[in-house]
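Per-entry structural report
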Amino acid sequence: MKPVTPARDASALMDAHLEWIRTDIERWLGLFAEDAIVEFPYAPSIDMPDRLLGKEAIRRYFAETPKHFLGLVFSEVRRHPMASPDVAIAEVHGSATIAATGQQYEQDYIMVLKAKDGRITHYREYWDPIQGLKAFGGTENLQRLVNP
């Protein structure tokens, strides 16, 4: 018998995403469909992947997030209501200390989330690559630590 999953619209999934990615990656991964896609349109500018295909690729990429982004907090969350309950868009500010460098990380994101059957099927995150480079101490550190 398939486990029962409470119905979630994209807005509720966005809320869970913002909460769980900070501290509980396995729980966070439970939000995603097995064949989910995660995209970072600006990542190629710093030689990072722009697309993760499937839950296992997402797991590998994000597994160490809570260890790298200490005290990650999302604030200034601005939600943009959509006609479809299967789409959520938010503008968010993220703050953390980068463990490897002790540098403060400040980032403004635009997050676009699409859902089907209570799971995230497509997540696109727009962010400024320069902020990551500064906080991680350059391209080599960023690639080594965030892109295993």
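Residues numbered from 1 in each chain as written. Predicted model: local features only at pLDDT ≥ 70, side-chain atom pairs only at ≥ 80, totals over all residues. Heavy atoms only, no water.

If you trace the backbone, Pro 66 turns up in helix 4 (residues 65–68). For the pair Pro 66 and Ile 25, spaced 41 residues apart in the sequence, the C-alpha separation amounts to 7.8 Å. Once residues lying within four places of it in the same chain are set aside, the contact partners of Pro 66 are Ile 21, Arg 22, Thr 23 and Ile 25. (Helix = DSSP H or I, 4+ residues; strand = E, 2+ residues; numbered from the N terminus. Contact = heavy atoms within 4.5 Å.)

Looking now at the sheet that holds strand 6 (residues 119–126). Reading across from one edge, 2-1-6-5-4-3 is the order of the 6 strands in this open sheet, with mixed pairing throughout. The strands lining the two open edges of the sheet, one partner per strand, are strand 2 (51–53) and strand 3 (69–80). Strand-to-strand twist across the sheet, computed as the mean angle between neighbouring axes with direction ignored, equals 25°. Bridge count for strand 3 against strand 4 (residues 87–98) is 8 bridges, and the pairing is antiparallel. The residue of strand 4 that forms the bridge with Val 73 is Ser 95. (Pairing = 2+ DSSP bridges. Axes fitted to C-alpha atoms, helices over the stretch in contact; angles between N-to-C directions.)

A few words on helix 1 (residues 10–20). Along helix 1, the residues that are buried comprise Ala 10, Leu 13, Met 14, Ala 16, His 17, Leu 18 and Trp 20. Looking at the buried side of helix 1, the elements it contacts are helix 2 (25–29), strand 3, strand 4, strand 5 (104–116) and strand 6. (Buried < 20%, exposed > 50% of the residue type's maximum accessible area, 1.4 Å probe, protein only.)

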